[in-house]
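Geometric and topological summary
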Amino acid sequence: MKIISSLTRAAILASSLTLVATSPSYAALPFQVDGKELPSLAPMLEHTTPAVVSISVAGTHEVKQQIPDAFREFFGQRRGRGAQERPFKGLGSGVIIDAGKGYVVTNNHVIDQADEILVTLKDGRQVEAKKLGSDAQSDIALLQIEADDLVEIKVSDSDELRVGDFAVAIGSPFGLGQTVTSGIVSALGRSGLNIENFEDFIQTDAAINSGNSGGALVNLNGELIGINTAILGPNGGNVGIGFAIPSNMMENLINQIIEYGEVRRGVLGVTGNSINPELAKAMDLGTNQGGFINQVMPDSAAEEAGIKAGDIIIKVNDKKVKGFNELRGKIGSVGAGNKVDITLLRDGDEIEVTVTLKSAPDTNISAASLHPTLDGAKLSSTDDNSGVTVDDVSAQSPAAAIGLRKGDLIAGVNRKRISNLGDLRTELEDVSGVTALNIVRGGQNLYLLIR
């Protein structure tokens, strides 16, 4: 359930997952780091906390309700259920990653279905935020704000983290204002928790509370190592097990949103399972960790790279993979068309292959999310950044009514050229009234008007 006011998730492992946690078990801080005394985290936090913001949202969500059969025809619904809109409000946190462009990263569940998004800076200023894009499957969203004197956070390489490294969580729990807590990195590469579709979490015992969703997990240098997302605890209570999306995974996804206006997830093209002792013994695999490949799909990126059924993937980009879910999470954050180095075991021998990931089967989006008049069209960015391709247009839809056709190339808006979905989204959000789309069709240029 992704409603901010409740911040709860389905029960797993006989416990419940609450979207960002409660009171913690605290880890003692060291007296020295690299031989130097560290009496306080205050100097680091003075530079870091201005980059962490509070987010308040308001909107409406659809609530399903039963309509008696006798009244369905009256309401124009012969089958199915009725629905009504109910208002909601919620709180969360976010992190400024680019001060110049005003980019703010948060969780998708913080801003999902929100009509109004208000960002409060540490100095008390409040500014409205614009949603640039999001990915529900990995729970990441990108916002943009316009304000002077913003402070951005430096993003660290989360692949360099080690279990035992100190971690500091920053966010705005319970609407109280910015709060800082400390802990350690308890584990890396956590997956299979059913929090999101693509999981490769940092586990920490830093205190994370309701309202911290989308806040920062930083190292002792004040560098971003993760985006706080969820906790594991009985009845929603905290037992010192919190989860954060690694900064590298976040950065991969955000870069795709910036470029395309969406996440263009790369696909390896395999099915498989995690190695367990029974499988390792039965097949004499020689390892108790890794992703066992059951099947390689025809014409997939894996097949082209020479990966075979029965192979065990043990590393991605020289980072160890404990199981298939972790493999899926690592690959799922890498964009289509990018290369990844994979280490696999085959008949006891280590083999290195380089894979160029292919696009997911459904990489197009509904144009209605960009402009209501385009409802009924599906769009995708071109591979050469020449514009946006119209992949399909539903009959008798608003998009069909204005003359949009399958195969059209949207090359510009009001004579301003666009390169991809991200550009199209930005241009359509910045215009009002009648807008002209520059269409290339059959080698000819024409304009379609939307309003």
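Because the structure is predicted, anything quoted here is derived from the model rather than measured.

Along the protein chain, the regular secondary structure elements total 9 helices and 32 strands. When the 451 residues of the protein chain are sorted by exposure, 51% land in the buried category. Taking all contacts inside the protein chain whose residues are at least 6 apart in sequence as the whole, residues at least 24 apart take part in 61%. Of the roughly 21,600 Å² of accessible surface on the protein chain, 47% is carried by carbon and sulfur atoms.

Attention now goes to the side chain of S172. Its place among the elements puts S172 in the loop between β12 (166–171) and β13 (179–190). A distance of 2.5 Å separates a polar atom in the side chain of S172 from a polar atom in the side chain of S54. The residues touching S172, leaving out its near neighbours within four places in the chain, are S54, S93, G177, Q178, S210, G211 and N212.

Time to look at a negative patch on the surface. A surface patch of negative charge is lined by D341, D347, D349, E350 and E352. For the negative patch, the element with the highest residue contribution is strand β24 (residues 349–356), accounting for 3 residues. Here D349 lies in strand β24. Assessed through its relative accessible area of 49%, D349 is described here as partly exposed.

Along the chain, G433 turns up in the loop between α9 (421–429) and β31 (435–441). Put simply, G433 and I450 are 17 residues apart on the chain and 8.3 Å apart in space, counted from C-alpha to C-alpha. With residues up to four places along the chain from it excluded, the contact list for G433 reads I450 and R451.

Let's shift gears to helix α7 (residues 324–332). Where burial is concerned, most of α7 is hidden: 7 out of the 9 residues are buried. Listed in full, the buried residues belonging to α7 are F324, E326, L327, G329, K330, I331 and G332.

A full pass over the atoms with the stated rule returns 1 aromatic pair. With centroids separated by 5.8 Å and ring planes inclined at 50°, the aromatic side chains of F201 and F243 adopt a geometry described as tilted. Linking F201 in strand β14 (residues 201–204) with F243 in strand β17 (residues 242–246), this pair joins segments that are 42 residues apart in sequence. A residue is classified by how much of its surface remains accessible, and F243, at 1% relative accessible area, is buried.

Further remarks concern the confidence of the model for the protein chain. Looking at the protein chain as a whole, its pLDDT mean stands at 79, while 81% of the residues score no less than 70. Per-element confidence in the protein chain ranges from a low mean pLDDT of 36 for strand β1 (residues 8–12) to a high of 95 for strand β7 (residues 103–106). Across residues 1–27 the pLDDT falls below 50, and counting only partners more than four positions away or on other chains, this stretch makes 99 contacts in the model. Segment residues 66–82 is flagged for pLDDT under 50; beyond a separation of four residues in sequence, or across chains, it makes 16 contacts in the model.

This part is about the pattern of salt bridges. Overall, the coordinates contain 12 salt bridges when judged by the stated rule. Note that R346 is salt-bridged to D311, the shortest N-O span being 2.7 Å. Taken as a pair, R346 in strand β23 (residues 339–346) and D311 in the loop between α6 (301–305) and β21 (312–316) lie far apart in primary sequence, 35 residues in all.

Before going further, it helps to spend a moment on the layout of surface pockets. Its boundaries defined by the atoms lining it, the largest pocket holds a volume of some 780 Å³. The set of elements that each furnish at least two residues to the lining of the largest pocket consists of β13, β14, α4 (247–260), β22 (319–320) and α7. When residues of the lining of the largest pocket are assigned to their parent elements, the largest contribution, 7 residues, is made by α4. Taken together, the residues of the lining of the largest pocket break down into 12 nonpolar, 12 polar and 9 charged.

Attention now goes to the pairing of β31. The buried fraction of β31 is high, at 6 of 7 residues. As paired elements, strand β29 (residues 409–413) and β31 share 4 bridges and run antiparallel to each other. Looking at the pairing, I410 lines up with I439 of β31. Where β31 lies against strand β32 (residues 444–450), 7 bridges are found, and the strand directions are antiparallel. Paired with I439 across the strands is L446, a residue of β32. Hairpin remark: β31 followed by β32, antiparallel, with 2 residues in the connecting loop; positive phi at G442, about 60°.

So, about unusual backbone geometry. The backbone of N317 shows a phi angle near 50°, a positive value even though the residue is not glycine. Within the secondary structure, N317 is located in the loop between β21 and β22. Look at N317 and you get partly exposed, because its relative accessible area is 39%.

Within the largest apolar cluster, 29 residues are counted, with the highest numbers of intra-cluster contacts made by V105, I153 and I254. Considering each element in turn, this core owes the most residues, 5 residues, to α4. Ignoring sequence-local partners within four residues, the contact set of V105 consists of G94, V95, I97, I140, A141, L142, G214, I227, M250 and I254. Formed by 21 residues, the second largest nonpolar core is a distinct cluster that contains A367, A377, V390 and L424.

Here we take up the environment of D139. Looking at the secondary structure, you find D139 in the loop between β10 (130–135) and β11 (140–144). Residue classification places D139 among the buried residues on the basis of a relative accessible area of 0%. Residues D139 and V110, spaced 29 residues apart in sequence, show a C-alpha to C-alpha distance of 9.0 Å.

Right, let's get into the pairing of β29. Counted residue by residue, β29 has 5 buried out of 5 residues, so it is predominantly covered. Across 2 bridges, the pairing between strand β28 (residues 388–393) and β29 is antiparallel. What sits directly across from T389, in β29, is L409. Alignment of β29 against strand β30 (residues 416–417), held across 2 bridges, turns out to be antiparallel. Opposite G412, over in β30, you have R417 as the bridge partner. Adjacent in sequence and paired antiparallel, β29 and β30 are bridged by 2 residues, among which N414 carries a positive phi angle near 50°.

Procedures and definitions
- Residues numbered from 1 in each chain as written.
- Predicted model: local features only at pLDDT ≥ 70, side-chain atom pairs only at ≥ 80, totals over all residues.
- Heavy atoms only, no water.
- Helix = DSSP H or I, 4+ residues; strand = E, 2+ residues; numbered from the N terminus.
- Buried < 20%, exposed > 50% of the residue type's maximum accessible area, 1.4 Å probe, protein only.
- Contact = heavy atoms within 4.5 Å.
- Areas by Shrake-Rupley, 256 points an atom, 1.4 Å probe, with all protein chains shown as cover.
- Polar contact = N/O pair within 3.5 Å; in protein donor to acceptor, adjacent residues only side chain to side chain.
- Patch = residues over 30% accessible without salt bridge, like charges linked within 9 Å, V, L, I, M, F, W, Y side chains within 5 Å.
- Salt bridge = Lys/Arg side-chain N within 4 Å of Asp/Glu carboxyl O.
- Lys, Arg positive; Asp, Glu negative; His and termini not counted.
- Charge placed at Lys NZ, Arg CZ, Asp CG, Glu CD.
- Phe/Tyr/Trp six-rings, centres within 6.5 Å; stacked < 30°, edge-to-face > 60°.
- pLDDT = per-residue confidence, 0-100.
- 1 Å grid on protein atoms, 1.4 Å probe; cavity = no way out; pocket = protein on both sides within 12 Å on 5 of 7 lines; lining within 4 Å.
- Points joined across faces, edges and corners; volume = space filled by probe spheres on them.
- Nonpolar A, V, L, I, M, F, W, Y, C, P; charged D, E, K, R; others polar.
- Pairing = 2+ DSSP bridges.
- Core = buried A, V, L, I, M, F, W, Y, C linked by side-chain atoms within 4.5 Å.

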